[in-house]
Amino acid sequence: MHAIQIQSDVERTLLWQPSSDPVCGTGEVLVDVHATALNRADLFQRAGKYPPPPGASEILGLEIAGEISTLGTDVIGYQVGERVCALLSGGGYAERAVVPVEMLMPVPEGLDFEQAAAVPECFLTVFVNFYMEAELQAGEIVLTHGGASGVGTAAIQLARASGNSIFVTAGSAEKVARCEELGADLAINYREHDFVESVLAHNDGAGVDVILDIVGGDYLHRNLKLLKPKGRLVLISTLGGARTEIDLRVLMGRRARIIGSVLRSRALAEKIEIKQLFMQRFWRMFLEGQLFPVIDSVFPIEQADAAQQRMAENRNIGKIVLKVR
Ligand SMILES: NC(=O)c1ccc[n+]([C@@H]2O[C@H](COP(=O)([O-])OP(=O)(O)OC[C@H]3O[C@@H](n4cnc5c(N)ncnc54)[C@H](OP(=O)(O)O)[C@@H]3O)[C@@H](O)[C@H]2O)c1
């Protein structure tokens with residue numbers, strides 16, 4: 001098969017090159033990949049800052065959609081040719097990928113492979129962090145930074161679907177407009193307005209119950225100012241810096257909780273549980289059109305470099321997809 005290989009030059013160029021076929025074992029299936037989607041983590045992995053967890057493929061790519069081509073031993077309930085999508089620990093930027101059978105999700109009726117490849121990572125990330133880690137309750141308000149990111153566009157939709165108000169921040173007028181269109185109750189251009197002041201002005205100083213943060217750094221003390229008593233802050237990335245200083249008395253006074261969370265390095269059993277709970281609660285909404293992946297652009301896999309460049313420049317609204325077949 002062919003796969004994207006990271007070259008050893010300074011730019012760490014991405015090239016579509018011959019690569020050995022993955023082997024599917026017991027309880028796994030081999031999928032002919034039709035499309036994969038980019039995640040910010042791919043940029044960190046390419047730069048050598050986010051190695052795959054032990055046992056995962058060295059090839060980039062955390063999600064795919066395609067057709068099952070081979071069934072491993074002990075696989076029941078699936079057939080060759082079935083249209084599936086899945087979250088992976090790696091190996092998505094390739095013509096074939098191995099998936100544990102319990103991680104398979106059917107391609108929702110009405111979605112093509114390019115759309116289906118853009119579903120797993122962002123929706124499962126938001127699901128685990130909103131509903132399992134932060135235990136988001138009906139009627140609570142959430143704030144999500146990076147509202148126009150792949151994760152952010154899923155967060156807006158899931159919050160709306162569960163009846164929660166959602167406030168977001170984003171870095172341009174165009175991104176703010178798209179977040180509002182998707183249903184954000186408040187979208188703040190953080191380059192023009194202080195998000196703490198904007199949120200407090202919007203809801204008479206009440207603040208929010210849950211924050212999903214991708215920025216870290218000095219956002220931590222600013223986020224804490226917004227948390228209501230017993231609020232929860234889930235940190236899933238540190239795009240704005242990994243070190244900071246906070247006044248711990250604010251944390252105590254609000255009886256707030258800070259939760260750190262990653263998805264990729266969780267045990268398979270945990271990921272399976274997350275996928276199952278997500279599907280039970282939300283899958284029908286993809287079939288009804290209430291939930292959908294927001295696609296920024298589709299590039300041929302051979303242009304993975306250009307696709308990642310677009311993400312590195314923060315130009316995408318929603319997901320960037322790579323078409324493999
Ligand atoms: N822990 C986990 O399990 C997990 C899982 C999935 C994703 N993530 C993280 O979630 C984030 C979103 O992922 P994605 O793939 O959806 O990313 P994405 O589509 O590339 O979007 C990231 C957006 O973050 C904003 N941003 C970048 N640097 C920023 C900074 N210093 N301060 C504020 N905003 C900044 C940019 O939008 P603006 O123009 O609006 O600034 C950028 O477009 C990534 O950081 C990713 O690593 C974590």
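Residues numbered from 1 in each chain as written. Predicted model: local features only at pLDDT ≥ 70, side-chain atom pairs only at ≥ 80, totals over all residues. Heavy atoms only, no water.

J.: Go over the site of the ligand, please, and point to the residues and values.
T.: Residues in close proximity to the ligand total 25 residues, the closest being Gly 171, Lys 175, Tyr 190, Ser 237 and Ser 261. Here an oxygen atom of the ligand and a side-chain polar atom of Lys 175 are 2.6 Å apart. The separation between an oxygen atom of the ligand and a polar side-chain atom of Ser 237 is 2.8 Å. Considering only residue class, the shell around the ligand consists of 11 nonpolar, 10 polar and 4 charged. (Near = heavy atom within 4 Å. Polar contact = N/O pair within 3.5 Å; in protein donor to acceptor, adjacent residues only side chain to side chain. Nonpolar A, V, L, I, M, F, W, Y, C, P; charged D, E, K, R; others polar.)

J.: Explain the pairing of strand β5 (residues 83-87) residue by residue, including any values.
T.: Side chains on a regular strand alternate between the two faces of the sheet. Counted residue by residue, β5 has 4 buried out of 5 residues, so it is predominantly covered. Note: strand β4 (residues 63-71) against β5, 5 bridges, orientation antiparallel. Bridged to Glu 67 within β5 is Arg 83. By the bridge criterion, 3 bridges tie β5 to strand β7 (residues 104-106) in an arrangement that is antiparallel. The partner of Ala 86 across the bridge, within β7, is Leu 104. (Buried < 20%, exposed > 50% of the residue type's maximum accessible area, 1.4 Å probe, protein only. Helix = DSSP H or I, 4+ residues; strand = E, 2+ residues; numbered from the N terminus. Pairing = 2+ DSSP bridges.)

J.: Give me the lowdown on helix α5 (residues 173-182), citing residues and values where you can.
T.: Every buried residue of α5 is listed here: Lys 175, Val 176, Cys 179 and Leu 182. The arc that holds every buried residue of α5, seen down its axis, measures 125°, which confines them to one face. Across α5 from its buried face, at more than 90 degrees, point the exposed residues Ala 173, Glu 174 and Glu 181. Where the residues of α5 are buried, they touch α4 (150-161), β9 (165-170) and β10 (186-189). A positive phi of about 120° marks Gly 183, the residue just after α5. (Arc of directions from axis to C-beta. Contact = heavy atoms within 4.5 Å.)

J.: Talk me through the packing of aromatic side chains; I want residue IDs and the actual numbers.
T.: Under the criterion given, the structure shown has 12 aromatic pairs. Their ring planes at 45° and their centres at 5.4 Å tell us that Tyr 131 and Phe 282 sit as a pair that is tilted. Placement of the pair is Tyr 131 in helix α3 (residues 120-133) and Phe 282 in helix α9 (residues 268-287), with a sequence separation of 151 residues. Phe 282 sits in the buried class, given a relative accessible area of 1%. (Phe/Tyr/Trp six-rings, centres within 6.5 Å; stacked < 30°, edge-to-face > 60°.)

J.: I'd like a rundown of the packing of α3 against α9, residues and numbers included.
T.: It is at 10 Å that the axes of α3 and α9 come closest, and there the two elements cross at 105°. It follows that α3 is roughly perpendicular to α9 by the angle criterion. Across the interface between the two elements, Phe 123, Leu 124, Phe 127, Val 128, Tyr 131 and Met 132 of α3 pack against Glu 273, Ile 274, Lys 275, Leu 277, Phe 278, Arg 281, Phe 282 and Phe 286 of α9. Split by residue class, the contact of α3 with α9 holds 11 nonpolar, no polar and 3 charged. (Axes fitted to C-alpha atoms, helices over the stretch in contact; angles between N-to-C directions. Parallel < 35°, antiparallel > 145°, perpendicular 65-115°, else oblique.)

J.: Got a sec to walk through the nonpolar core? Specific residues and values, please.
T.: Of all hydrophobic cores here, the largest spans 89 residues; its most connected members are Tyr 93, Val 99, Phe 123, Phe 130, Leu 158, Phe 278 and Phe 282. With 8 residues, α3 is the largest single contributor of residues to this core. Not counting residues up to four positions away in its chain, the partners in contact with Val 99 are Gly 27, Glu 28, Val 29, Val 31, Ile 64, Ala 86, Leu 88 and Leu 104. Membership of the second largest hydrophobic core comes to 20 residues, among which are Ile 141, Val 196, Tyr 219 and Leu 233. (Core = buried A, V, L, I, M, F, W, Y, C linked by side-chain atoms within 4.5 Å.)

J.: Explain the confidence of the model for the protein chain to me, and be specific about the residues and the numbers.
T.: When the pLDDT values of the protein chain are averaged, the result is 98; 100% of them are 70 or greater. Averaged pLDDT values for the elements of the protein chain fall to 97 in helix α8 (residues 248-253) and rise to 99 in strand β15 (residues 319-323). (pLDDT = per-residue confidence, 0-100.)

J.: Let's hear about the side chain of Ser 261: which residues, and what values?
T.: Mapped onto the secondary structure, Ser 261 falls in the loop between β13 (257-260) and α9. For Ser 261, the side chain forms a polar contact with the side chain of Arg 266, separated by 3.0 Å. Setting aside anything within four residues of it in sequence, one finds Ser 261 in contact with Asn 129, Glu 133, Val 234, Leu 235, Ile 236 and Arg 266.

J.: Could you give an account of the side chain of Asp 209, naming the residues involved and the relevant values?
T.: Looking at where Asp 209 falls in the secondary structure, it is placed in strand β11 (residues 208-213). Reaching out from Asp 209, the side chain makes a polar contact with the backbone nitrogen of Ile 141 at a distance of 2.7 Å. Side-chain polar atoms of Asp 209 contact the side chain of Lys 228, separated by 3.5 Å.

J.: Give me the environment of Ile 236: which residues, what numbers.
T.: Along the chain, Ile 236 falls in the loop between β12 (227-235) and α8. Distance in space between the C-alpha atoms of Ile 236 and Ala 86 is 20 Å, their sequence separation being 150 residues. Once residues lying within four places of it in the same chain are set aside, the contact partners of Ile 236 are Thr 125, Asn 129, Val 151, Leu 212, Asp 213, Ile 214 and Ser 261.

J.: Can you lay out the pattern of salt bridges for me, pointing to particular residues and giving the numbers?
T.: With the rule as written, the count across this model stands at 17 salt bridges. The residue Asp 305 makes a salt bridge to Arg 46 at a minimum N-O spacing of 2.6 Å. Of the two residues, Asp 305 is situated in helix α10 (residues 304-312) and Arg 46 in helix α1 (residues 40-46); the sequence distance between them amounts to 259 residues. Judged by its relative accessible area of 12%, Arg 46 is buried. As a salt-bridge pair, Arg 266 and Glu 133 come within 2.9 Å of each other at their nearest N and O atoms. Highlighted residues: Arg 266 in the loop between β13 and α9 and Glu 133 in helix α3, separated in sequence by 133 residues. According to the relative accessible area criterion, Arg 266 is buried, its value standing at 13%. When salt bridges that share partners are traced, they join Asp 21, Asp 32, Arg 96 and Arg 325 into one network. (Salt bridge = Lys/Arg side-chain N within 4 Å of Asp/Glu carboxyl O.)

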